[in-house]
Amino acid sequence: MRNGILVGGNWIVDQVKVIDVFPEEEKLVNILSESSCNGGSAYNVIMGLSKLQAGFPLSGVGLVGEDDRGNHIIRHCQSIGINTMQLRKTNKAYTSYTDVMSVKGTGKRTFFHQRGANALLDIADFDFTASQDKIFHLGYLLLLDQLDIIEADGTTRASKVLKNAKQQGLITSVDIVSERSDRFKAIIPSSLPYIDYLFVNEYEAGMITGIKTISADGGIILKSCYDAALKIIDMGVNKWVILHFPQGVIAIGSDGESHYQPSLQIPADQIKGASGAGDAFAAGVLIGVHNNWDMEKCLELGVCSAASSLFESTSSDGILPLNECLKLADAFGYKEKAN
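This write-up is about the structure you can find in this document. (Residues numbered from 1 in each chain as written. Predicted model: local features only at pLDDT ≥ 70, side-chain atom pairs only at ≥ 80, totals over all residues. Heavy atoms only, no water.)

1. Some thoughts on the sheet that holds strand β2 (residues 12-19)
Sheet architecture is open: four strands sit in the order β3-β2-β6-β7, paired in mixed fashion. If you trace the sheet from one side to the other, it starts and ends with β3 (31-39) and β7 (109-114), each paired once. When the angles between neighbouring strand axes are averaged without regard to direction, this sheet yields 20°. Across eight bridges, the pairing between β2 and β3 is antiparallel. Each residue of the ladder has a partner; that of V13, found in β3, is N38. Each of β2 and β3 is contacted by helix α1 (residues 41-51), which is oriented at about 85° to β3, the strand it contacts most. (Pairing = 2+ DSSP bridges. Helix = DSSP H or I, 4+ residues; strand = E, 2+ residues; numbered from the N terminus. Axes fitted to C-alpha atoms, helices over the stretch in contact; angles between N-to-C directions. Contact = heavy atoms within 4.5 Å.)

2. Some points on unusual backbone geometry
Across residues other than glycine, the phi torsion is negative in most instances, and most of the peptide bonds are trans. Here the residue pair G139 and Y140 is connected by a cis peptide bond, since its omega of 5° sits within 30 degrees of zero. Within the secondary structure layout, Y140 lies in strand β8 (residues 135-141).

3. A look at the pattern of salt bridges
Any two side chains of opposite charge can pair, on the condition that their charged atoms come close. In the structure shown here, the tally under the stated rule is eight salt bridges. A salt bridge links D153 to K160; its shortest N-O distance comes to 3.5 Å. (Salt bridge = Lys/Arg side-chain N within 4 Å of Asp/Glu carboxyl O.)

4. Remarks on the sheet that holds strand β1 (residues 5-9)
Within a sheet, neighbouring strands are paired by backbone hydrogen bonds and run either parallel or antiparallel to one another. Strand order in this open sheet of nine strands is β5-β4-β1-β8-β9-β10-β11-β12-β13, and the pairing throughout is mixed. Where the open sheet ends on each side, the last strands, each with one partner, are β5 (83-90) and β13 (258-262). Recorded for the sheet is a direction-independent mean angle of 15° between the axes of neighbouring strands. Note: strand β10 (residues 197-201) against strand β11 (residues 240-245), five bridges, orientation parallel. Bridged to F199 within β11 is I242. Against the sheet, helix α5 (residues 202-209) engages β9 (171-176), β10 and β11, with an angle of about 105° to β10.

5. Considerations on helix α8 (residues 295-309)
Here α8 spans 21 Å end to end across 15 residues, near enough to the 21 Å set by a 1.5 Å rise per residue. A large share of α8 lies buried, amounting to 12 of its 15 residues. Within the sequence span of α8, burial applies to M295, C298, L299, L301, G302, V303, C304, S305, A306, A307, S308 and S309. (Expected span 1.5 Å × (residues − 1). Buried < 20%, exposed > 50% of the residue type's maximum accessible area, 1.4 Å probe, protein only.)

6. Remarks on the side chain of S131
Secondary-structure assignment places S131 in the loop between β7 and β8. With relative accessibility at 3%, the residue S131 sits in the buried group. Once residues lying within four places of it in the same chain are set aside, the contact partners of S131 are R2, L6 and L170.

7. A word on the environment of K272
Of note, K272 is situated in the loop between β13 and α7 (277-290). Considering only alpha carbons, one finds K272 and A251, 21 residues apart in sequence, at a separation of 28 Å. Contacts of K272, omitting those with residues within four sequence positions, involve V18, S102, L310, F311, E312 and S313.

Pasting the structure below:
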């Protein structure tokens, strides 16, 4: 019986700076506080799973540099019981890091990223024959240079990694980065037939499908989000497309089942930052998937986990244990449904 989650992809040290406003070019703003924390899909999700007290084994796979940041990541994971056998060091690049500028009050973030060792992560770094885990989560596509390469047959190297995971009996889960480019349609589709659970936001869904999901004033076009999720299912995702946005999340199943779950209504004065909220959401959902919950319950834990992460400026420090996270829904209530 498989048990546990193997989390792979981006391992990043986030250097978070909370600022009063985001500046125009050549303008000065104030840094109100700063801290260093885990960043990137793999590091954030595995820390989220640990903070939620998932109750099953956690393992990491990825590359870090032979430097202080890389040593810190490995020691941090080992100190909380995460299996780091496939979290390896390379002398060919530094450990990846990101300067995160988070605006106090809104939680909106801007990222200045050094790709580092993550850019070298490749097919040979994943050994699924050595894994007894139930789920393999990979993130972020479009931010893993070697895995994003399109081969002569039109498929990406990431699609081959996911195919290998499926062949070894793992459930697959994937997250995508919100890159400002036109690469989505070229890189993402070949992986979709090997993905069981795909996490996307409204922007990413629109870029994959060509469906306009965001209005001229920056709001969500809810019907278009449903249409985009359905189209991505038709493009090959095996089980669920989970499309999240500030007001909530929709989940569309390959069997036609659908759910809408609003986000929690957290007062602005209690929001210290939204860095890592999407990964906290994914961690909550993945616990439910691992434990065979129905999707409604998975989404509920996901939005509660994301909400708890807002209480700290770092990616995962605010995340509460599972049962305490779920109590936040009663304490704060839910947002109104998006139009």
